[in-house]
Amino acid sequence: MTNAHNRVAVLHGVNFDILDRRDPEVYGGLSLRDLETKIERWGGEQGLKTIFFQTNSEGEFVEYLHRLPELADSAIVNAGAWSHYSRAIADALDVAALPAVEVHLSDVESREDWRKLSVFDGLVLAKICGKGPDGYREALELLAGKLGTNAG
Ligand code: DQA
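Counting starts from 1 at the beginning of each chain's written sequence and moves along it residue by residue. Per-residue local features of the predicted model are confined to residues with pLDDT of at least 70, and side-chain atom pairs are confined, for both listing and counting, to 80 or more; whole-chain, interface and lining totals are unaffected and use all residues. Hydrogen atoms and water are omitted, and side-chain values are computed over all heavy atoms in the structure.

Colleague: Help me understand the overall build of the chain, please; the structure alone is not making it clear to me.
Modeller: When its secondary structure is counted, the chain shows five helices and five strands. Starting at the N terminus, helices and strands are each numbered in turn, a helix being any DSSP run of H or I of at least four residues and a strand any DSSP run of E of at least two. Reading the secondary structure of the chain in the N-to-C direction produces β-α-α-β-α-β-α-β-β-α. Its C-alpha atoms give the chain a radius of gyration of 14 Å, near enough to 15 Å, the size a compact globule of 152 residues would have. With the principal axes as the frame, the chain shows a C-alpha extent of 40 × 30 × 25 Å. Out of the 152 residues in the chain, the part that is buried amounts to 49%. We call two residues in contact when some of their heavy atoms are within 4.5 Å. Taking the contacts inside the chain whose residues are at least 6 apart along the sequence as the reference set, 75% of them involve residues at least 24 apart. Using C-alpha atoms as the atom set, the radius of gyration is obtained and then compared with a globule rule of 2.2 Å times the number of residues to the power 0.38. When a residue's accessible area, from a 1.4 Å probe over protein chains only, is under 20% of the maximum for its type it is buried; when over 50% it is exposed; and in between it is partly exposed.

Colleague: Explain the pattern of salt bridges to me, please; I cannot follow it from the model alone.
Modeller: A side chain with one charge can pair with a side chain of the opposite charge if their charged atoms come near. Any carboxyl oxygen of Asp or Glu that lies within 4 Å of a side-chain nitrogen of Lys or Arg is treated as forming a salt bridge with it. Under the criterion given, the structure shown has six salt bridges. With a shortest N-O distance of 3.0 Å, K127 and E109 are connected by a salt bridge. Taken together, the residues span a long stretch of sequence, with K127 in strand β5 (residues 126–129) and E109 in the loop between β4 (100–104) and β5 at a distance of 18 residues. Residue R115 is joined to E112 by a salt bridge in which the shortest nitrogen-to-oxygen separation is 2.7 Å. Exposure remark for E112: the relative accessible area of 36% places this residue in the partly exposed category. Counted as one network, the salt bridges with shared partners bring together R111, E112 and R115.

Colleague: So what exactly am I meant to see when it comes to the nonpolar core here?
Modeller: A general feature of soluble globular proteins is that nonpolar side chains tend to end up buried together. We call a set of buried residues a nonpolar core when its members are Ala, Val, Leu, Ile, Met, Phe, Trp, Tyr or Cys and they connect through side-chain atoms within 4.5 Å of each other. In this structure, L11, F61, L65, L68 and F120 are the most contacted members of the largest nonpolar core, which totals 24 residues. Sorting the residues of this core by element identifies β1 (7–12), α3 (58–71), β3 (74–78) and α4 (87–96) as the ones contributing at least two each. Within the second largest apolar cluster, 23 residues are counted, among which are V8, I39, A139 and A144.

Colleague: I'm lost on the side chain of S74 in this one. Help?
Modeller: Mapped onto the fold, S74 is located in strand β3. By relative accessible area, which is 0% here, S74 ends up buried. Non-local contacts of S74, meaning those with residues more than four positions away in its chain, are made with R7, V8, A9, L98, P99, L143 and L147.

Colleague: How should I be thinking about the site of the ligand in this particular structure?
Modeller: Around the ligand sit F16, R22, Y27, N78, G80, A81, H84, H104, L105, S106, V108 and R115, and that is every residue in its neighbourhood. Within the contact set of the ligand, an oxygen atom lies 2.9 Å away from a side-chain nitrogen or oxygen of R22. Computed on the free molecule, the ligand has an accessible area of 320 Å², of which 98% lies beneath the protein chains in the complex. Residue composition of the shell around the ligand, by class: five nonpolar, five polar and two charged. Proximity is defined per residue: if any heavy atom of the residue lies within 4 Å of a molecule or strand, that residue is considered near it. Counted as a polar contact is a pair of N or O atoms within 3.5 Å, where, for protein atoms, one must be capable of donating a hydrogen and the other of accepting one, and residues adjacent in sequence contribute only when both atoms are in side chains. Under the convention used here, a 1.4 Å probe and the Shrake-Rupley method define accessible areas, while residue burial counts only the protein chains that appear. Gly is placed with the polar residues, together with every amino acid not listed as nonpolar (Ala, Val, Leu, Ile, Met, Phe, Trp, Tyr, Cys and Pro) or charged (Asp, Glu, Lys and Arg).

Colleague: What exactly am I supposed to notice about the packing of aromatic side chains here?
Modeller: Here a ring pair, both rings aromatic, is described through the centre-centre distance and the interplanar angle of the planes. Pairs were defined over the aromatic rings of Phe, Tyr and Trp, the Trp ring being its six-membered one, requiring ring centres within 6.5 Å. Orientation was assigned from the angle between planes: stacked under 30 degrees, edge-to-face over 60, tilted for the rest. Inspection of the entire model under this criterion finds three aromatic pairs. Taking 4.0 Å as the distance between ring centres and 10 degrees as the angle between the ring planes, the aromatic pair formed by F53 and Y64 counts as stacked. Here F53, found in strand β2 (residues 49–54), pairs with Y64, found in helix α3; they are eleven residues apart in sequence, far enough to count as distant. Judged on exposure class, the residue F53 and its partner Y64 are both buried. Taking the centre distance of 5.4 Å and the plane angle of 65 degrees together, the rings of F61 and W82 count as edge-to-face. Of this pair, F61 sits in helix α3 while W82 sits in the loop between β3 and α4, and the two are 21 residues apart along the sequence. Judged by relative accessible area, which is 0%, F61 ranks as buried. Overall, W82 belongs to the buried group, its relative accessible area being 4%.

Here it is as structure tokens:
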């Protein structure tokens with residue numbers, strides 16, 4: 001299916017390049033590449049074209065958000081620990097002004113208190129957490145509904 005407004009940028013922040021080295025009890029043990037492969041497949045099923053970005057540099061993350069409106073029609077953001085304190089990233093997402101969903105693999109609501117705060121509050125369509133990779137599928141479904149790529 002071709003659709004001019006079907007691009008979803010999937011942004012991963014700090015420490016996602018080593019996802020397969022992080023606690024498997026919390027993060028499932030899969031690699032970022034495996035996660036992105038799943039997301040790409042699920043996106044395709046929803047008529048979405050996924051593009052991927054990951055960095056450990058907060059400045060690079062902000063700069064990617066600056067370019068986001070040229071690159072994509074919507075976004076899925078898992079900024080890792082930055083989600084809990086980077087007002088700079090939140091401001092940049094606000095400026096990008098695209099429909100966005102925040103995803104966390106783990107259930108940030110039931111972990112340490114500092115993980116409960118999200119700088120994306122009020123900027124995203126939804127915050128999905130604690131569902132592992134399936135959270136991304138849910139986010140893609142939400143965005144497909146918003147962009148109208150899953151109709152018919
Ligand atoms: C995370 C949750 C964050 O609290 C943590 O800092 C991460 C991963 C998640 O996907 O569960 O790096 O965003």
